[in-house]
Amino acid sequence: MLTLQVIRRELQGEVVLLTLAHVDGIPLPTFRAGAHIDLHLSADLIRPYSLCSDPQDAQHYQLGVLKDSRSTGGSLAAHALREGDQIQVSEPRNLFALDDAAAHSLLIGGGIGITPMLAMAAELHAGGRSFSLHYCARSRSQAAFIPQLENAPFAERVHLHFSDEQRLNLDAVLCDVPDNTHVYTCGPTRLMDAVTDRAKAQGYRQEQIHQECFSAEVQTGGTAFEVVAATSGISVKVLENQTIVEALAQAGLKVNVSCKQGICGSCLTDVLEGEPDHRDHYLTDEEKADGDQILLCCSRAKCARLVIDL
Ligand code: FES
């Protein structure tokens, strides 16, 4: 855990840009583009945000947080931060890394999904790698990061698409690229689904398509089952409308959680016995089929008793 200070706060439309630095001015842990950090906004409010700063900047982390009217607390608490405030954050973790073997990287960000793309563009530019960045937003006036993109050293690789001007032509963008192009997308689900569908239709392999979710629908509830935390020696009943995390908390066993939506991987735990009922968006289809790991914030069991390594 790091204690950082907000050294700059800037509002661009509905997005607050927060620049964080170590309170003692020492260099921060390094990260690769696509990484996120967890902001500990209060004791029970931990939220992951993508780093949008240049990974070569060892002194600062920058985040962009959208003011979300459906916020469950994270967005509002992040917007309430002021310059000079101190905050605990996790070290960077990367679940959305660039593939170093790609011949070309096609970055497609929608709305606040532009944030990891900014770090990716900076890293690819610094490495002299081939890439293009497409940023989709409802309108120029509502879009954040426009000044940064228009003044970036890679500005000629940036393509802006506004719904009220010129929309993105996905098929053209996906087709007009070299072989072994990897596509990275982040933003609204309908954009990411469209990118994935069109890329697959054009023959992209699954491993060439990368996406990062900010939020996700999680199917909740199901049949009650028993969870045994083998290391702790605790056994609990998970009720029909309860998560494993909630059931364990009632028995005094706290699980580290962040997104609580099966996205971030914070609550990933090994399964020792039993068959998980995966509800998350984090594990790959192969990992789900293996059945030896589970996300405790959202997934359940297909059997009466699940033994986990906790
Ligand atoms: S808390 Fe994020 S996946 Fe469970």
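Keep in mind the model is a prediction, meaning the values are calculated, not measured. (Residues numbered from 1 in each chain as written. Predicted model: local features only at pLDDT ≥ 70, side-chain atom pairs only at ≥ 80, totals over all residues. Heavy atoms only, no water.)

**Observations regarding the domain arrangement of the protein**
Note the cut-off: In this entry, domain limits derive from an automatic or database-based domain assignment. It only takes one pair of heavy atoms within 4.5 Å for two residues to be counted as in contact. Here the quantity called buried area is the total loss of accessible area, with a 1.4 Å probe, experienced by two parts when brought into contact, counted for both. Every case where a carboxyl oxygen of Asp or Glu lies within 4 Å of a side-chain nitrogen of Lys or Arg is listed as a salt bridge.
Split into domains, the protein comes out as domain 1 (2-94), domain 2 (104-212) and domain 3 (225-308). The gap between the C-alpha centroids of domain 1 and domain 2 is 23 Å. Contacts between the two partners involve 16 residues from domain 1 and, on the opposite side, 15 residues from domain 2. Taken over both partners, the interface formed by domain 1 and domain 2 buries close to 1,300 Å², and the fraction arising from carbon and sulfur atoms is 59%. Taken together, domain 1 and domain 2 are joined by one salt bridge.

**Re helix α5 (residues 189-201)**
Applicable threshold: Working definition: helices are DSSP H or I runs of at least four residues, strands are E runs of at least two. Numbering for both runs from the N terminus. A helix is expected to reach a length of 1.5 Å times the quantity of its residues less one. Using a 1.4 Å probe on the protein chains alone, a residue whose accessible area is under 20% of its type maximum counts as buried, one over 50% counts as exposed, and one in between counts as partly exposed. Throughout, the arc means that of the directions going from the helix axis to the C-beta atoms.
The first and last C-alpha atoms of α5 sit 18 Å apart over 13 residues, in line with the 18 Å expected at 1.5 Å per residue. Of all the residues in α5, the buried ones are Leu191, Met192, Val195, Thr196 and Ala199. On an axial view of α5, the arc spanned by its buried residues comes to 130 degrees, and they lie on one face. Among the exposed residues of α5, those oriented more than 90 degrees off its buried face are Arg190 and Ala201. Where α5 is buried, its residues contact β8 (104-110), α4 (170-175), β11 (181-186) and β12 (209-212). The positive-phi residue at the C-terminal boundary of α5 is Gly203, with phi of around 95 degrees.

**Notes on the pairing of strand β3 (residues 35-42)**
The side chains of a regular strand alternate, first on one face of the sheet and then on the other. Cut-off, in case you're wondering: At least two bridges found by DSSP between two strands is the condition for calling them paired.
Most of β3 sits inside the fold, with six of its eight residues counted as buried. Direction of pairing for β3 relative to strand β4 (residues 45-50): antiparallel, over a ladder of six bridges. When the bridges of β4 are listed, Leu39 appears paired with Arg47. Taking the residues between adjacent antiparallel strands as the criterion, β3 and β4 are bridged by two residues. As judged from the two bridges shared by β3 and strand β6 (residues 86-89), these two strands associate in the antiparallel manner. Bridge assignment links Leu39 to a residue of β6, and that residue is Val89.

**Comments concerning the sheet that holds strand β19 (residues 305-308)**
The following threshold applies: Structural elements are reduced to axes, namely lines fitted to C-alpha atoms, with helices fitted over the stretch in contact, and the angle between N-to-C directions of any two is expressed from 0 to 180 degrees.
An order of β14-β13-β19-β15-β17 is seen for the five strands of this open sheet, with the pairing classed as mixed. Both outer strands of the open sheet, β14 (234-238) and β17 (293-295), are each paired with one neighbouring strand and no more. When strand polarity is set aside, the average angle formed by the axes of neighbouring strands in this sheet is 35 degrees. Relative to β17, strand β15 (residues 268-273) is paired through three bridges, and the arrangement is antiparallel. Bridging from a neighbouring strand, Leu268 pairs with Leu295 of β17.

**Section: the side chain of Asp38**
Applied cut-off: His is not counted, nor are the chain ends; Lys and Arg add positive charge and Asp and Glu add negative charge. Side-chain atoms alone can form a polar contact between residues adjacent in sequence; in general such a contact is a pair of N or O atoms within 3.5 Å, and within protein one must be able to donate a hydrogen while the other accepts it.
In this fold, Asp38 is placed in strand β3. Here Asp38 occupies a buried position and makes no salt bridge, while the nearest side chain of opposite charge, Arg93, is found at 4.6 Å. A polar atom in the side chain of Asp38 sits 3.1 Å from the side chain of Ser258. Those residues in contact with Asp38 that sit more than four places away from it in its chain are Ile46, Arg47, Pro48, Gln88, Val89, Ser90, Ser258 and Ser266.

**A short note on the pairing of β14**
Side-chain alternation along β14 places Ile234, Val236 and Val238 on a buried face and Ser235 and Lys237 on a face that remains uncovered. Sheet topology note: the strand β13 (residues 225-229)/β14 ladder contains five bridges and is antiparallel. Across the sheet, the residue bridging to Phe225 is Val238, located in β14. Here β13 hands over to β14 after four residues, with Gly233 in that stretch at a positive phi of 70 degrees.

**Considering the sheet that holds β12**
If you trace the five strands from one edge of the open sheet to the other, you get β10-β9-β8-β11-β12, paired in parallel fashion. Taken across any chain shown, the strands that pair with only one partner, and hence form the sheet edges, are β10 (158-162) and β12. Mean inter-strand twist for the sheet, computed between neighbouring axes without regard to direction, equals 15 degrees. As paired elements, strand β9 (residues 131-137) and β10 share five bridges and run parallel to each other. Paired with Tyr135 across the two strands is Leu160, which belongs to β10. Contacts from helix α2 (residues 115-126) reach β8, β9 and β11 within the one sheet, and its direction differs from that of β8 by about 160 degrees.

**Overview of a negative patch on the surface**
The test is simple: Patches draw on residues past 30% relative accessible area with no salt bridge. Two like charges within 9 Å are joined, as are two nonpolar side chains (Val, Leu, Ile, Met, Phe, Trp, Tyr) within 5 Å. Using a 1.4 Å probe, the Shrake-Rupley method yields the accessible areas, and only the shown protein chains count as cover for residues. Charge positions are represented by NZ for Lys, CZ for Arg, CG for Asp and CD for Glu.
The grouping of Asp270, Asp285, Glu286, Glu287, Asp290, Asp292 and Asp309 at the surface amounts to a negative patch. When residues in the negative patch are grouped by element, the largest group, four residues, is from helix α7 (residues 285-290). Within the secondary structure, Asp292 is located in the loop between α7 and β17.

**Quick word on the packing of aromatic side chains**
Rule in force here: Stacked, edge-to-face and tilted are the three classes for Phe, Tyr and Trp ring pairs, Trp counted by its six-membered ring, which pair at centre distances within 6.5 Å; planes under 30 degrees apart are stacked, over 60 edge-to-face, the rest tilted.
Applying the stated criterion to the full structure yields three aromatic pairs. Aromatic side chains Phe96 and Tyr184 sit 6.1 Å apart centroid to centroid with 75 degrees between the ring planes, which places their arrangement in the edge-to-face category. Within this pair, whereas Phe96 is found in the loop between β7 (93-94) and β8, its partner Tyr184 is found in strand β11, the two being separated by 88 residues in sequence. Relative accessible area serves as the criterion here: at 2%, Phe96 is assigned to the buried category. Centroid distance Phe131 to Phe154: 5.9 Å. Interplanar angle 70 degrees. Geometry classified as edge-to-face. Linking Phe131 in strand β9 with Phe154 in the loop between α3 (146-151) and β10, this pair joins segments that are 23 residues apart in sequence. Here the two residues Phe131 and Phe154 agree in accessibility, since each one is buried.

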